[in-house]
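Examination of the molecular architecture
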4 protein chains.
Amino acid sequence: MIRFGIIGAGRIGQVHARSIFQHPEAKLVAISDPVIEAAQKLADQYDAKAVTEAPDIFNNEDIDAVIVCSPTPLHVTHISEGVKAGKAVLCEKPIAMDSEAVATLEDELEGFNPRVMLGFNRRFDPNFSHIHNLVDQGHIGDVEQLTIISRDPAAPPKEYIAVSGGIFKDMTIHDFDMARFFLGEITEVTAIGQNLDPDLADTGDFDAAIIVLKNADGKVATIVNSRHCASGYDQRLEAFGPKGALFADNVRATTVRSSTADYTEAQQPYLDFFLERYESAYYNELDTFIRAIEGEGSFAPSIHDGIAALKIAEAAGESAKSGGPVSL
Amino acid sequence: MIRFGIIGAGRIGQVHARSIFQHPEAKLVAISDPVIEAAQKLADQYDAKAVTEAPDIFNNEDIDAVIVCSPTPLHVTHISEGVKAGKAVLCEKPIAMDSEAVATLEDELEGFNPRVMLGFNRRFDPNFSHIHNLVDQGHIGDVEQLTIISRDPAAPPKEYIAVSGGIFKDMTIHDFDMARFFLGEITEVTAIGQNLDPDLADTGDFDAAIIVLKNADGKVATIVNSRHCASGYDQRLEAFGPKGALFADNVRATTVRSSTADYTEAQQPYLDFFLERYESAYYNELDTFIRAIEGEGSFAPSIHDGIAALKIAEAAGESAKSGGPVSL
Amino acid sequence: MIRFGIIGAGRIGQVHARSIFQHPEAKLVAISDPVIEAAQKLADQYDAKAVTEAPDIFNNEDIDAVIVCSPTPLHVTHISEGVKAGKAVLCEKPIAMDSEAVATLEDELEGFNPRVMLGFNRRFDPNFSHIHNLVDQGHIGDVEQLTIISRDPAAPPKEYIAVSGGIFKDMTIHDFDMARFFLGEITEVTAIGQNLDPDLADTGDFDAAIIVLKNADGKVATIVNSRHCASGYDQRLEAFGPKGALFADNVRATTVRSSTADYTEAQQPYLDFFLERYESAYYNELDTFIRAIEGEGSFAPSIHDGIAALKIAEAAGESAKSGGPVSL
Amino acid sequence: MIRFGIIGAGRIGQVHARSIFQHPEAKLVAISDPVIEAAQKLADQYDAKAVTEAPDIFNNEDIDAVIVCSPTPLHVTHISEGVKAGKAVLCEKPIAMDSEAVATLEDELEGFNPRVMLGFNRRFDPNFSHIHNLVDQGHIGDVEQLTIISRDPAAPPKEYIAVSGGIFKDMTIHDFDMARFFLGEITEVTAIGQNLDPDLADTGDFDAAIIVLKNADGKVATIVNSRHCASGYDQRLEAFGPKGALFADNVRATTVRSSTADYTEAQQPYLDFFLERYESAYYNELDTFIRAIEGEGSFAPSIHDGIAALKIAEAAGESAKSGGPVSL
């Protein structure tokens, strides 16, 4: 039984609390949040303890592993403190607001045998991971062209965009990791930004984008992003190789199809909410983390994966502004 | 080049005239119809000759093959006259209004080396014939359960129903042949009729039905019929065997799928009109007939197939009334 | 919080124990099983108490509701004892081995305000219940033809068949309830049995069947059953009405489609195991039961539904033997 | 009845000859080809006249319209001569090898009331044109992101690549026109080339590419190209707007789906050959041309469309080499 602490009682902290509850080998011990009411509410729900300070989690000897759900600017500190306190750490994405902030983290943790995993939950989505397995088995040969359609159902509040680091860091970061999951290290980034939604015009951020990533072998990933999608959370992936192709379709609530005089076999909208869409991904992520703690498999995605995705995001921002490919 | 005559310038005669026009090895020579205007109109369209009397077709030495599109009660006579005149004959379904009318036809034609093919066009539909080929290749093992969904877009005029012989002879006859195409001779028929459409209540005929056919090996075909279908001409087939299953889906005008806030990947209604839905089936049927005339392959489906389907239709009528299985 | 006892620690008892564990308003208090090791194992897993005798469950004042997972011949007794002890009872299907055994149950329980629900879990499957909701909303008009394809991945052990009451009681019973869910009371049953699997020839039972059910309005349900299916647990339903049709497709582990040189967009086999396939159905069933206990909604499906499905199963057996429709 | 001449008896000339044969309002009068045997063979097939010189077509008073299927470097000359001879001209794509060659064509033809249509057949594909119609009807709002997957089943011979002008001119040219069909004039092109096939390494051409086009409104088209695709001719399009999305799936020979123990609902490979895949597109293109000649509708796509697509192809080549966006 792995005993967990959670730093941050916000939406994503709640997701992890629920996964811990459902996992037979996991137990939630304590939650910290500066807003004690938030921590207390979650603690009550799962019979855990609420604290205000993160160190109270790290110093708790009854806790084996910590899930860092604090605001992004605190991630590096919390990873570092967690590792130094001997905890296994699962940290939410992105690892930091910019790569400078994280430049020295790996060095700093050297010697501590860091057991850190980054919360790129989509690697654990049953659809994407099944495709990854089939690729590993040689089903389509080497992936030559990866195409990711990734659209949010609706734009986040402007206040969020103001502090999130922008579309490449708050949204595409997942797709950058997915590209790396399939293609390995990325060497070149070309990004074309779009401003489609007049309501978001004054954010100074793009609300849609096309990004093309290339690895050293010349294989590419094309990412199509938008901050809105009328049909729901549009999350598809297509891996193309010399022997075939693999497609992950969107997820719907049921398999029901409906026919009338006007149309046939219409399906339901896509699942709308990321927690619902990726519910099993979060659970599988936790399960992988637990198994790594127990010595089966590694802590992957790692700090390195977190940094690499962040650097791609920075390069994408630069490319979208300068108008040309940016090398990594 | 096979030179054709057509008996009957109605809707189905027009279909065959068009197939002949499109076939590089076929030429239309003459069309007969008691309504000379109808014959003339079709003749003009394809540079052929119009006559009023069927014998003028049979006695025309410039004609190699005849397509019989006359009213059903005349089919037996026209087959017989055509064969005796040395023509190859393709006759529309059903072969007769009742099996008595056709009881002596095979005997009568003995000695004439009859080259007769019955117009069960659906055997030549690319979807159904592809499934038949895969079954022949052992893809799913022996067919254990065949399920046919066969619904017309809308009921025919009541005047048609009054003379058509009823749903089992005018509509299900195709499905009976399809069942025989996959299961061979049928030994037992159970039919359950339905009266759903109040407008058709006074026809004395069913407007929907479920029919279960069984062959000597205990394999079954289940047919689901309706005289209406809001989404178009609903024509599906599913062959199930110990090693797998094969499905023929409906045919649509395009592959387009449409997503909105309310639904996703809605397809178009099914093709509505039988001539459009089975256009390639009619062409392939003609092509098979021509190849049989040229000595490649046999004249199949045959007179026997026409009679066998008719007997199943009669048994179905009996079963639906008496309420139990009828043996053949 | 509803406190539960479970009678029977077999496979289906385990399913319910797990649903109780996952439900935030449910708590498992005790499990009874004559094989105490089985009860103990399950009890340990969920921090509950193990007993050997069912009465120890019924007499336990810390228990509000009982789930009856005992062998079918004991269901009536356990329902009766549960109700008389003041418990809410959720009883697995079928309600009894024959309708005689249950003939007096409703009378017997009169005056006890029985809070009994029958475990026809498929009504709670998200796909089927979504179709039911759309039908209720008038999406396709009245259901005129319901078509259920229901095939098990593989036949159960012969020993099971020997005591199960046969295919109509152990397997089709679910489909009979589904037909009633959509069409209401069934008035006529026609069943055609098949013996396809030589290994099951000596069971004296059919291993496949087609059953046609009719209600008083002439609406029909057609059920296609088989004890085997190479592609997995084949569970589909199609509701057809004057304004359209609704389809529930099979459930797969992922949305992944695979294309090669030989085929395109191949999907995975259907989920194979009933517990996996109907996992959310079992959970939703429990949730409905809990809500009924709490006064929201009714205890449905009811004892009456259990008896009605059983009577259809008996009529189907009679029809398959006698060869004709059996009225109810 | 429109009387046609064809310049060039190669593969694409044969396609048009066949469409003319099938069209009730078209008649093929003569075919020219320097290889008289090729012209003669096609002429014999359709009862037309064979000549070696293009002017014999242009000067033929029995000819109303000319389809130019000569080698690309001759297109401009043949368009010009055809127009000056008073013929309506349908010219195959691309309009020229480079935009310089065509720079003065529009000026040159001023005053001649040129009736010229460019053979961008894909605009007439039933799938793509249906989506275009739905977009025009406002089904999804303005197209914000168009995504085109366009892969050939196999690379052409190297000799072809050596003279074709390269992937952007011989293959993507169709996709550039499709982008313009949906987005109008393109103002910026970013292309990322790939070299995946070692056999094609010495052609000096890319064998795969990602191209992103932008219009003045900031709407984008993303094109994913490859010279090979194991599953056949991969031709898909997705139009995304604020109110929904429209998808054109690949075309297969049948609707058949196949299930086994290993996979379910596998479809057939995509149609492999462009003539088969776009058969109805070529027919519809001819029909549009005929209707324009008869005064219904305009000659579109026009010379301007041919030049615009060519300029995008040139810009794409420049971008792929220089590594940055190229403005138009």
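Residues numbered from 1 in each chain as written. Chains lettered and ligands numbered in written order. Predicted model: local features only at pLDDT ≥ 70, side-chain atom pairs only at ≥ 80, totals over all residues. Heavy atoms only, no water.

Observations concerning the pattern of salt bridges
Under the defined criterion, the tally for this structure stands at 88 salt bridges over all chains. For Glu-108 of chain A, the salt bridge identified is with Lys-84 of chain A, shortest N-O distance 2.9 Å. Taken as a pair, Glu-108 of chain A in helix α5 (residues 105–109) and Lys-84 of chain A in helix α4 (residues 75–84) lie far apart in primary sequence, 24 residues in all. Relative accessible area serves as the criterion here: at 34%, Glu-108 of chain A is assigned to the partly exposed category. Two residues, Arg-123 of chain D and Asp-177 of chain D, come together in a salt bridge whose shortest N-O distance is 2.7 Å. Highlighted residues: Arg-123 of chain D in the loop between β6 (116–119) and α6 (126–136) and Asp-177 of chain D in helix α9 (residues 172–183), separated in sequence by 54 residues. (Salt bridge = Lys/Arg side-chain N within 4 Å of Asp/Glu carboxyl O. Helix = DSSP H or I, 4+ residues; strand = E, 2+ residues; numbered from the N terminus. Buried < 20%, exposed > 50% of the residue type's maximum accessible area, 1.4 Å probe, protein only.)

Things to note about the pairing of strand β11 (residues 234–241) of chain A
All names here are of chain A. Most of β11 is tucked away, with eight of its eight residues classed as buried. Side chains of β11 alternate between two faces, with Asp-234, Arg-236, Glu-238 and Phe-240 and Gln-235, Leu-237, Ala-239 and Gly-241 buried alike. One ladder, built from seven bridges, connects strand β7 (residues 145–151) with β11; its direction is antiparallel. Among the inter-strand pairings, Ser-150 is bridged to a residue of β11, identified as Gln-235. As defined by bridge partners, β11 adjoins strand β12 (residues 244–248) across five bridges and the pair is classed as antiparallel. (Pairing = 2+ DSSP bridges.)

Thoughts on the pairing of strand β1 (residues 2–7) of chain D
All names here are of chain D. For β1, the tally of buried residues reaches five of six residues, placing the bulk of the element in the interior. Once you follow β1 into helix α1 (residues 11–22) and on to strand β2 (residues 26–32), the crossover reads as right-handed. With four bridges joining them, β1 and strand β4 (residues 65–68) adopt parallel strand pairing. By the bridge assignment, Gly-5 is partnered in β4 with Val-66. (Right-handed = clockwise from strand over helix to strand, strands pointing away.)

Considering the interface of chain C and chain B
Residue-level contacts link 36 residues of chain C with 36 residues of chain B. Across the chain C/chain B interface, buried area totals approximately 2700 Å², and carbon plus sulfur atoms make up 56% of it. Of all residues in chain C, the largest losses of buried area upon contact with chain B belong to Gln-145, Ile-192 and Phe-240 of chain C, amounting jointly to 19% of the total for that side. Between Arg-236 of chain B and Glu-238 of chain C there is a salt bridge whose closest N-O contact spans 2.6 Å. The tally of links between chain C and chain B comes to 18 residue pairs in polar contact (both at pLDDT 80 or more). Looking at the side of chain C that touches chain B, the elements with two or more residues in it are β7 (145–151), β8 (186–194), β9 (208–215), β10 (220–226), β11 (234–241) and β12 (244–248) of chain C. Here the side of chain C that touches chain B is composed, by residue class, of 16 nonpolar, 13 polar and seven charged. (Contact = heavy atoms within 4.5 Å. Buried area = accessible area lost by both parts, 1.4 Å probe. Polar contact = N/O pair within 3.5 Å; in protein donor to acceptor, adjacent residues only side chain to side chain. Nonpolar A, V, L, I, M, F, W, Y, C, P; charged D, E, K, R; others polar.)

Re the interface of chain A and chain D
Of the residues lining the interface, 36 residues belong to chain A; the matching set on chain D comes to 36 residues. Summing the contributions of chain A and of chain D, the shared interface buries around 2700 Å²; its carbon and sulfur component is 56%. Interface area lost by chain A to chain D is led by Gln-145, Ile-192 and Phe-240 of chain A, which between them contribute 19%. At the boundary of chain A with chain D, the tally comes to four salt bridges. There are 18 residue pairs in polar contact (both at pLDDT 80 or more) connecting chain A and chain D. Of all the elements in the fold, those that place two or more residues in the side of chain A that touches chain D are β7, β8 (186–194), β9 (208–215), β10 (220–226), β11 and β12 of chain A. Here the residues of the side of chain A that touches chain D sort into 16 nonpolar, 13 polar and seven charged.

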